[in-house]
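Geometric and topological summary
The residues making up each chain are set out below.
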Amino acid sequence: MQVGDVSSWERTFTEEDVRLFGELSGDLGIHHVKPDEQGRLLVQGLLTATLPTKIGGDLNLIAREMVFEFVRPVFTGDTIRCEVTITHLEKAEGHTKLAASLVCRNQKGKEVLTGRVHGIIRDVVT
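These figures come from a predicted structure and were not determined experimentally.

**Structural notes on the overall build of the protein**
Secondary structure summary: the protein contains 4 helices and 5 strands in total. Along the three orthogonal principal directions, the C-alpha set of the protein runs to about 55 × 30 × 20 Å. Counting the 126 residues in the protein, one finds 33% classified as buried. For the protein, the accessible area works out to roughly 7600 Å², and carbon and sulfur atoms hold 52% of it. Charged side chains of the protein number 15 positive and 18 negative; the gap between the two group centres comes to 2 Å.

Following this line, the structure appears as structure tokens:
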């Protein structure tokens, strides 16, 4: 792992995803339960933010701070690709400090979510 490394993940959001996340989170605003004129549901912002969270989990990152800017809406049927770029690594006693930037884009290449994260990765004790 080094500064400049990029990790990515993508998924297509479904009505079932929005329904289940709404039940779990309590975020049941009308725009998440009633389809728009095109038959789509608006995906909860924090459900979209699970993409960079998943990448952090792959890195075994324990987040200390996550900052998101929700740039444009995500709807059911949209495929979102998230890229997380490591911007800082610093070895410390028992862990490594990590900072990263993130950008998520829809299937049209438009940014839907940007942000940054910092946290630690604990050293593996064997």
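From this point on, the discussion continues.
**Quick look at the packing of aromatic side chains**
The full count for this structure, using the stated rule, is 1 aromatic pair. Aromatic side chains F68 and F70 sit 6.1 Å apart centroid to centroid with 50 degrees between the ring planes, which places their arrangement in the tilted category. The ring of F75 has R40 sitting right over it, with the charged end atom 3.6 Å from the ring centre.

**Comments concerning the confidence of the model for the protein**
Mean pLDDT over the protein works out to 94, with 100% of the residues at or above the 70 mark. The weakest mean pLDDT in the protein belongs to helix α2 (residues 30–33) at 87; the strongest belongs to strand β4 (residues 95–105) at 97.

**Here we look at a nonpolar patch on the surface**
Taken together, L28, I30 and V33 make up a surface patch of nonpolar side chains, about 300 Å² in accessible area. Following the sequence through the fold, I30 ends up in helix α2.

**Observations regarding the pattern of salt bridges**
Inspection of every chain in the model, using the stated rule, returns 9 salt bridges. Among the salt bridges present, the one from D58 reaches K54, with a minimum N-O distance of 2.7 Å. With D58 and K54 both in helix α4 (residues 50–58) and 4 residues apart, the pair spans about one turn of that helix. Looking at K54, the relative accessible area reads 29%, which means it is partly exposed. Residues joined in a network through salt bridges with shared partners are E10, R81 and E83.

Rules used throughout
Residues numbered from 1 in each chain as written. Predicted model: local features only at pLDDT ≥ 70, side-chain atom pairs only at ≥ 80, totals over all residues. Heavy atoms only, no water. Helix = DSSP H or I, 4+ residues; strand = E, 2+ residues; numbered from the N terminus. Buried < 20%, exposed > 50% of the residue type's maximum accessible area, 1.4 Å probe, protein only. Areas by Shrake-Rupley, 256 points an atom, 1.4 Å probe, with all protein chains shown as cover. Lys, Arg positive; Asp, Glu negative; His and termini not counted. Charge placed at Lys NZ, Arg CZ, Asp CG, Glu CD. Phe/Tyr/Trp six-rings, centres within 6.5 Å; stacked < 30°, edge-to-face > 60°. Lys NZ or Arg CZ within 6 Å of the ring centre and 35° of its normal. pLDDT = per-residue confidence, 0-100. Patch = residues over 30% accessible without salt bridge, like charges linked within 9 Å, V, L, I, M, F, W, Y side chains within 5 Å. Salt bridge = Lys/Arg side-chain N within 4 Å of Asp/Glu carboxyl O.

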